[in-house]
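Residue-level structure breakdown
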Amino acid sequence: MDEEYDVVVLGTGLTECILSGLLSVDGQKVLHIDRNDYYGGESASLNLTQLYKKFKDAEPPAELGRDRDYAIDLIPKFIIASGELTKILVHTDVTRYLEFKQIAGSYVLRDRTVSKVPSTESEAVRSSLMGLFEKRRARNFFLFIQNYRDEDPSTHNGLNLDSDTMQAVYNKYGLEAGTQDFIGHAMALYLDDSYKQKPARETYERILLYTASMARYGKSPYIYPLYGLGELPQAFARLSAIYGGTYMLDKPIDEIVVDNDGKVTGVRSGDETVKAKKVIGDASYFMDVKGESRVKETGKVVRAICLLKHPIPNTDNSDSAQLIIPQNQVGRKNDIYIAGVSSSHNVCAKDIYIAIVSTVVETSAPEAELLPAYKLLGQIYDKFVSVNPIYEPTSDGKDDNIFISRSFDATSHFETVVEDVKDIWKRVTEKDLVLEKKTEPEINENN
């Protein structure tokens, strides 16, 4: 380990693996190290034995079937079909290592009823989400979004997306609070309502992304890799290796080595030290750098992995679904997300369903905050609950050449992860990440 590397990457979470793949393609000399003996870090997928060992220190019940049938995500997230992660997968050609299946539907809770988020105009007309007059108002709103052109004032209807708030746009079309809930939280995918007081531009773009993703494959805007999300970090690790990146798993990190000015010079494992011009990693590796933490805690996420013996109720017996409980529907400040997958995604045994519930912690009793979701799941065979801190770096890395990724949030998609990737990329390379369009991922419709 006497060599010097342009970049040493610590941890094999998805953010780190995407960056090591992209940096290797960019011609940088990359060494990637993880203290674990598996890929994925906190975004790994576990087999049944690993799951029960991690959460309960017990053996799994024999009736659940074989270990090899399970790949259960620790962090539940779906991929938006036209989103930023899809663009990176396509740009890097990592799709050749992966196979995707569509998520069957996106649902939202409104007035204690689970309803499908409409994917077509005919579904919108039949939807129980809105009454007759509200459907007309909503139709006018969506026509406005669809037809808006910056260069054509006749499409603006007196609104300016860069100065008018999203609340002003909702008010213009007279949309009810419940309709605002499903647009803002199930389509624009905001975690809370603070977006309403900000300029409408970002929400407009998020709705367009949702509708474009929906149009791409129909049914829902989400896709998901067969064999679980743990396949994603491994695919980017393969990409890095093809371009000369070196990987070391099961390698403890004992010290981030810095010089007298506090600038990183390398990484020590036991009595071996590798030299590095720059170091990238997840927060867990930077709790103590010369007696000082380089990260701060900004909140917590509570997650529950639930094993069911039935599909999520009221989702049309779907093999997979996203179900969003908007904050206002249950008197909270943050939404609750449910991500459901099954054996058709090669992540569990036949007739078993996995529903992972997550939200931002607001009280001193985190699991109790998931009760509204548990009620929607019906009988739960077993569940595995965790509360994880959300960390972010205390500096941008420009002074010490240490670049730290943000923890995974409670959102049920990867858009915030890719924002972090792009941000770190720009700070490390001092250039924007430019993604070229190639062919889109193939969707497996047979499983």
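Residues numbered from 1 in each chain as written. Predicted model: local features only at pLDDT ≥ 70, side-chain atom pairs only at ≥ 80, totals over all residues. Heavy atoms only, no water.

Topic: the overall build of the protein
- Along the protein, the regular secondary structure elements total 11 helices and 19 strands.
- Taken over C-alpha atoms, the radius of gyration comes to 22 Å for the protein, in line with the 22 Å a tight globule of 447 residues would show.
- The principal-axis extents of the C-alpha atoms in the protein amount to approximately 70 × 60 × 45 Å.
- Buried positions account for 55% of the 447 residues belonging to the protein.
- Put simply, 71% of the contacts in the protein that link residues at least 6 apart link residues at least 24 apart. (Helix = DSSP H or I, 4+ residues; strand = E, 2+ residues; numbered from the N terminus. Rg over C-alpha atoms; globule rule 2.2 N^0.38 Å. Buried < 20%, exposed > 50% of the residue type's maximum accessible area, 1.4 Å probe, protein only. Contact = heavy atoms within 4.5 Å.)

Quick look at helix α3 (residues 84-91)
- The buried fraction of α3 amounts to 7 of the 8 residues, a majority that puts the element mostly inside the structure.
- Of all the residues in α3, the buried ones are Glu 84, Leu 85, Thr 86, Ile 88, Leu 89, Val 90 and His 91.
- Phi turns positive one or two residues past the end of α3, at Asp 93, with a value near 65 degrees.

Observations regarding the pairing of strand β2 (residues 30-33)
- The alternating pattern of β2 places Val 30 and His 32 and Leu 31 and Ile 33 on opposite faces, both of which are buried.
- In this structure, strand β1 (residues 4-10) lies alongside β2, joined through 4 bridges in parallel fashion. Each residue of the ladder has a partner; that of Val 7, found in β2, is Val 30.
- In this fold, the crossover linking β1 to β2 by way of helix α1 (residues 14-25) has right-handed handedness.
- Sheet analysis places β2 next to strand β10 (residues 246-248), joined by 3 bridges and oriented parallel. Following the sheet pairing, His 32 is matched in β10 by Tyr 247. (Pairing = 2+ DSSP bridges. Right-handed = clockwise from strand over helix to strand, strands pointing away.)

Here we look at the sheet that holds strand β6 (residues 100-102)
- Read across the open sheet, the 3 strands follow the order β5-β9-β6; overall the sheet is antiparallel. Both edges of this open sheet fall to β5 (79-80) and β6, since each of them pairs with a single strand only.
- For β6 and strand β9 (residues 222-225), the ladder comprises 3 bridges, and the chain directions are antiparallel. Within β9, the residue paired with Lys 101 across the bridge is Tyr 224.

Concerning the nonpolar core
- Core analysis: the biggest nonpolar cluster contains 98 residues, and Leu 85, Leu 89, Phe 141, Leu 232, Phe 236, Ile 280 and Ile 354 have the highest contact counts within it.
- Beyond its immediate sequence surroundings of up to four residues, Ile 354 is in contact with Ile 72, Ile 305, Cys 306, Leu 307, Ala 339, Gly 340, Val 341, Val 347 and Cys 348. (Core = buried A, V, L, I, M, F, W, Y, C linked by side-chain atoms within 4.5 Å.)

What to know about the side chain of Glu 16
- Among the secondary structure elements, Glu 16 is positioned in helix α1.
- Nearest to the buried, unbridged Glu 16 among oppositely charged side chains is Arg 35, at 9.9 Å.
- At 2.5 Å, the side chain of Glu 16 forms a polar contact with the side chain of Ser 405.
- Excluding its chain neighbours within four sequence positions, the residues that come into contact with Glu 16 are Val 9, Leu 10, Gly 11, His 32, Gly 281, Asp 282 and Ser 405. (Lys, Arg positive; Asp, Glu negative; His and termini not counted. Salt bridge = Lys/Arg side-chain N within 4 Å of Asp/Glu carboxyl O. Polar contact = N/O pair within 3.5 Å; in protein donor to acceptor, adjacent residues only side chain to side chain.)

Side note on the environment of Val 108
- Mapped onto the fold, Val 108 is located in strand β7 (residues 106-110).
- For the pair Val 108 and Ala 71, spaced 37 residues apart in the sequence, the C-alpha separation amounts to 26 Å.
- Once you skip the residues sitting within four places of it in the chain, Val 108 turns out to touch Thr 113, Val 114, Ser 115, Val 117, Leu 129, Phe 182, Ala 186, Leu 323, Ile 324 and Pro 326.

Comments concerning the domain arrangement of the protein
- When cut into domains, the protein gives domain 1 (4-42 + 230-297 + 391-429), domain 2 (47-104 + 298-390) and domain 3 (118-217).
- For domain 1 versus domain 3, the separation of C-alpha centres amounts to 38 Å. (Domains from an automatic or database assignment.)

Brief notes about the pattern of salt bridges
- One pass over the full model with this rule turns up 31 salt bridges.
- Between Lys 87 and Glu 84 there is a salt bridge; the shortest N-O distance is 3.0 Å. Taken together, the positions of Lys 87 and Glu 84, both in helix α3 and 3 residues apart, correspond to about one turn of that helix.
- Overall, Lys 87 belongs to the partly exposed group, its relative accessible area being 40%.
- Between Asp 420 and Arg 406 there is a salt bridge, with its nearest N and O atoms 4.0 Å apart. Here Asp 420 is found in helix α11 (residues 415-429), whereas its partner Arg 406 is found in the loop between β19 (402-404) and α11, with 14 residues between them in sequence.

Some remarks on a nonpolar patch on the surface
- Residues Val 25, Ile 242 and Tyr 243 make up a contiguous nonpolar surface patch of roughly 290 Å² in combined accessible area.
- Tracing the sequence through the fold places Ile 242 in helix α9 (residues 231-242). (Patch = residues over 30% accessible without salt bridge, like charges linked within 9 Å, V, L, I, M, F, W, Y side chains within 5 Å. Areas by Shrake-Rupley, 256 points an atom, 1.4 Å probe, with all protein chains shown as cover.)

Some words on the sheet that holds strand β17 (residues 353-360)
- Pairing within the open sheet is mixed, and its 7 strands lie in the order β8-β7-β15-β16-β17-β14-β18. The open sheet terminates on both sides in strands that have one partner only, identified here as β8 (113-116) and β18 (382-393). The sheet shows a mean angle of 20 degrees between the axes of neighbouring strands, taken without regard to direction.
- Its contacts with the sheet put helix α2 (residues 48-56) on β14 (295-308) and β18, and the angle it makes with β18 is roughly 75 degrees.
- Contacts between helix α7 (residues 177-187) and the sheet are confined to β7 and β15 (321-325), with β7 contributing the most and set at about 145 degrees to the helix. (Axes fitted to C-alpha atoms, helices over the stretch in contact; angles between N-to-C directions.)

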